Amino acid sequence: QVATEEQWVLNLDYDGLRREVADLGKELEQNQGADDVAHLKKICLWSDICAVVGLATMWLPLNPVSVIALSLWKFSRWTTIAHHTGHGGYNRADETKFFNSRGFATGSLFKRVTQWFDWMLPEAWNIEHNNLHHYRLGERDDPDLVERNMHFIRELKAPAALKYLVVGFLMCTWKWFY
């Protein structure tokens, strides 16, 4: 039985959708080049500026500028730069191979610190995220399946306010449990 709001999936042209997505992928791949790498380098520059501002101001008392700048630095490095590079998004566009998934943040301590300043090994991320997660996206074996991973909260015999606090805590600390 398909829910009323999801009836559209019964009439979707899956073969047509598959062709359109494949054609779009080919078109985007052909149009990828130096401009994309230049844009990523600009994001890296802004990320590095956030790091400098955050580190330079962290000695100030009760200072939200440091918190915001360091958070933006960490977040942009993880979600924008490392994530897209780890997926191979720049493998064909970057002739220098600096933003290549096969060598990004690996091979030396310097590359690790400057490209992926995180406690999680980039090699571990590539296996867990790129292989285990993306090849099983939304399926039972997906390690990042939120519905399954948070099932204990739904089943918890506790007030809703406490459940929200647990979710808030996990939102801030999820990488420790990854």
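Residues numbered from 1 in each chain as written. Predicted model: local features only at pLDDT ≥ 70, side-chain atom pairs only at ≥ 80, totals over all residues. Heavy atoms only, no water.

Caption draft 1: Highlighting the overall build of the chain. Across its full length, the chain holds eight helices and zero strands. Compactness check: the chain gives a C-alpha radius of gyration of 21 Å against a globular reference of 16 Å for 178 residues, more than 25% above the reference. Seen along its three principal axes, the alpha-carbon backbone of the chain occupies a region of about 60 × 50 × 25 Å. Residues classed as buried in the chain amount to 28% of the 178 residues present. Looking at the chain alone, contacts between residues at least 24 apart form 40% of all its contacts between residues at least 6 apart. About 13100 Å² of surface is accessible on the chain, with carbon and sulfur atoms providing 65% of the total. Considering the chain, the positive charge centre built from 19 side chains and the negative charge centre built from 22 side chains are found 6 Å apart. (Helix = DSSP H or I, 4+ residues; strand = E, 2+ residues; numbered from the N terminus. Rg over C-alpha atoms; globule rule 2.2 N^0.38 Å. Buried < 20%, exposed > 50% of the residue type's maximum accessible area, 1.4 Å probe, protein only. Contact = heavy atoms within 4.5 Å. Areas by Shrake-Rupley, 256 points an atom, 1.4 Å probe, with all protein chains shown as cover. Lys, Arg positive; Asp, Glu negative; His and termini not counted. Charge placed at Lys NZ, Arg CZ, Asp CG, Glu CD.)

Caption draft 2: View of the nonpolar core. Grouped together as the largest cluster of nonpolar side chains are 14 residues, with contacts concentrated most on I81, F99, F104 and W116. If you list the elements that add at least two residues to this core, you get α2 (34-57) and α3 (64-86). Discounting residues that sit within four places of it in the chain, F99 has contacts with V37, L40, K41, C44, I81, T85, Y90, N91, D94 and F104. (Core = buried A, V, L, I, M, F, W, Y, C linked by side-chain atoms within 4.5 Å.)

Caption draft 3: Here's a closer look at the packing of α3 against helix α5 (residues 122-133). Relative to each other, α3 and α5 sit at 80 degrees, their axes nearing to 11 Å. By the criterion of interaxial angle, the relationship of α3 to α5 is roughly perpendicular. Within the contact between the two elements, α3 uses W78, H83 and G86 and α5 uses W125, N126, H129 and N130. The class makeup of the residues in the contact of α3 with α5 is two nonpolar, five polar and no charged. (Axes fitted to C-alpha atoms, helices over the stretch in contact; angles between N-to-C directions. Parallel < 35°, antiparallel > 145°, perpendicular 65-115°, else oblique. Nonpolar A, V, L, I, M, F, W, Y, C, P; charged D, E, K, R; others polar.)

Caption draft 4: Seen up close, helix α8 (residues 160-177). Its axis deflected by about 55 degrees at M171, α8 carries its strongest bend there. Along α8, the positions that sit buried rather than exposed are L170, T173 and K175. In this fold, the buried residues of α8 make contact with α3 and α7 (151-155). (Bend = angle between axes of the 7 residues up to and from the residue.)

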